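Coordinate analysis (summary)
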Amino acid sequence: MKLFEINGRGILLIGCGKMGSALLGGWLNQGLEADDITVIEPNPSKWLVSQKINLNKIIPEKPSIVIIAVKPQLMSKAVPNLKTLGNSDTLFISIAAGTSISYFEKTLGDKTPIIRVMPNTPAAIGKGITAVVGNKYANNHYMEQADLLLSAVGKTVRLESESQIDTVTAVSGSGPAYVFHLIEALAAAGVTNGLSPELSMVLAKATVVGAGYLAEASDESPENLRINVTSPGGTTQAALAILMDNKNGFFDLLERAVFAASQRSKELGALDND
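Residues numbered from 1 in each chain as written. Predicted model: local features only at pLDDT ≥ 70, side-chain atom pairs only at ≥ 80, totals over all residues. Heavy atoms only, no water.

1. Quick look at the side chain of Thr130
Operational definition: The secondary structure listing takes helices from DSSP runs of H or I that are at least 4 residues long and strands from runs of E that are at least 2 residues long, numbered from the N terminus. Here's how the labels work: a residue is buried when its accessible area is under 20% of the maximum for its type, exposed when over 50%, partly exposed in between, all with a 1.4 Å probe on protein chains only. Only heavy atoms matter for contacts: two residues are in contact if any of them lie within 4.5 Å across the pair.
Inspection of the secondary structure puts Thr130 in strand β7 (residues 128-134). Relative accessible area serves as the criterion here: at 1%, Thr130 is assigned to the buried category. The residues contacting Thr130, other than those within four sequence positions of it, are Val117, Met118, Pro119, Leu150, Lys155, Thr156 and Val157.

In structure tokens:
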């Protein structure tokens, strides 16, 4: 089974930590031949070593696709070594947060097809959401290749411009942490009001997971789903009167949180691209 056209030239994955491993596992599960994949990872996990891919071997002369999944602080060491692959029909896909397309164009060559993506941690279980944006040389064919490649770990969305990446980072990139904190807070509130920590945590986790699945599966908007479970004068309405307070409710709190994360993303991007 071929996820996408690699023309016998294979895929090169630079860096195979959590996100790289999630992608690799998804490709292999979907039938991509292990022989078509070369991975460069100086500290391979036991799982990675056990796979039959080409691990830490000679870099293919002209791979079809190069995925860069190293930590931002290692970017300046990894990317210059790939310069001979730039300005060609090899597609570069970057998963590194905070590293702009312009950095890759300066380092690899300004005619290099480059796609920058922002995944999130649920990709580890195939439930991720990845935002995708490319430079002018990343035509629709390349974008479709990236969509297929990243669909191995969840859904993809295309951005209108790279300037949206910082907000995407703040919403979906950092978003799982907000949900985890919601689970923490909901479970703690249950304990405060008389439940055991174990029972409260089970209830909080199942409630958030179930509500998420329902929101994804339903044709109704989250607003309508909320209204459907809110009886006038009932318990849910009593709670929502607090959570939907104009000054101290969820809307204001999350707006400020997302703004803070977005601003920090811009600051880190400026530092990493100096």
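Next comes the rest of the account.
2. A word on the nonpolar core
This is how it is decided: In plain words, nonpolar cores are sets of buried Ala, Val, Leu, Ile, Met, Phe, Trp, Tyr and Cys residues tied together by side-chain atoms within 4.5 Å.
Leu24, Trp27, Val39, Ile67, Ile93 and Ile115 are the most contacted members of the largest nonpolar core, which totals 32 residues. Mapped onto this core, the elements with two or more residues apiece are β1 (11-14), α1 (18-29), β2 (37-40), β4 (65-68), β5 (91-94), β6 (114-118) and α5 (140-150). Here the element with the most residues in this core is α5; it accounts for five residues. If sequence neighbours within four positions are ignored, Ile93 has contacts with Ile65, Val66, Ile67, Ile68, Ile115, Val117, Ala146 and Leu149. One finds Ile14, Met75, Leu108 and Leu159 within the second-largest nonpolar core, a separate group that totals 23 residues.

3. What about a nonpolar patch on the surface?
Where we set the bar: Think of a patch as exposed residues, more than 30% relative accessible area, with no salt bridge, where like charges cluster within 9 Å and nonpolar side chains (Val, Leu, Ile, Met, Phe, Trp, Tyr) cluster within 5 Å. Only the protein chains shown count as cover for residues, with accessible areas throughout obtained via the Shrake-Rupley method and a probe of 1.4 Å. Salt bridge, as used here, is a side-chain nitrogen of Lys or Arg placed within 4 Å of a carboxyl oxygen of Asp or Glu.
Taken together, the side chains of Leu182, Leu186, Leu243, Met244, Phe250, Phe251, Leu253 and Leu254 define a hydrophobic patch exposed on the protein surface, amounting to about 750 Å² of accessible area. Looking at the nonpolar patch, the elements that each hand over two or more residues are α7 (175-192) and α11 (250-272). At four residues, the largest contribution of residues to the nonpolar patch is made by α11. By secondary structure assignment, the location of Leu186 is in helix α7. Looking at Leu186, the relative accessible area reads 40%, which means it is partly exposed.

4. Quick notes on unusual backbone geometry
Phi at Asn56 is positive, roughly 55°, even though this residue is not glycine. Turning to its location among the elements, Asn56 is positioned in the loop between β3 (54-55) and β4. Residue Asn56 is classed as partly exposed on the basis of its relative accessible area of 39%.

5. Brief notes about the packing of α7 against helix α8 (residues 197-217)
When two helices pack together, their arrangement is given by the angle between the helix axes and by the axis-to-axis distance. Put simply, the rule is: Structural elements are reduced to axes, namely lines fitted to C-alpha atoms, with helices fitted over the stretch in contact, and the angle between N-to-C directions of any two is expressed from 0 to 180 degrees. What sets the label is the angle itself: under 35 degrees gives roughly parallel, over 145 gives roughly antiparallel, 65 to 115 gives roughly perpendicular, and the rest give oblique. We call a crossing left-handed when the near helix sits turned anticlockwise from the far one by less than a right angle, and right-handed when that turn is clockwise.
Axis separation between α7 and α8 bottoms out at 8 Å; the angle between their running directions is 140°. One way to sum up the angle between α7 and α8 is to call them oblique. When you trace α7 past α8, the crossing you get is right-handed. Note on element contacts: α8 touches α7 through Pro197, Ser200, Met201, Ala204, Lys205 and Val208, opposite Val179, Leu182, Ile183, Leu186, Ala187, Gly190 and Val191.

6. Comments concerning the pairing of β7
For the record, the criterion: Strands are treated as partners if at least two bridges between them are detected by DSSP. The definition of a right-handed crossover adopted here requires that, viewed with the strands pointing away, the path from the first strand over the helix to the second runs clockwise.
The element β7 is largely enclosed, with a buried count of five among its seven residues. Where β6 lies against β7, four bridges are found, and the strand directions are antiparallel. Its bridge partner being in β7, Ile115 is matched across the sheet by Gly134. In this view, the connection linking β7 to its parallel neighbour strand β8 (residues 154-158) by way of α5 has right-handed handedness.

7. Re the confidence of the model for the protein
What counts, and what does not: pLDDT is a per-residue confidence score from the predictor, ranging from 0 to 100.
Mean pLDDT for the protein: 92, with 96% of residues reaching 70 or above. Across the protein, α7 holds the top mean pLDDT of 98, while helix α3 (residues 75-78) sits lowest at 87.

8. Quick notes on the packing of aromatic side chains
Each aromatic ring pair is characterised by the separation of its centres together with the angle its planes make. In plain terms, the rule: Stacked, tilted and edge-to-face pairs are distinguished by plane angle, under 30 degrees for stacked and over 60 for edge-to-face with tilted covering the rest, among Phe, Tyr and Trp rings (Trp via its six-membered ring) whose centres lie within 6.5 Å.
What the rule picks out here adds up to one aromatic pair. An angle of 80° between the planes, with centres 5.4 Å apart, marks the rings of Tyr103 and Phe104 as edge-to-face.

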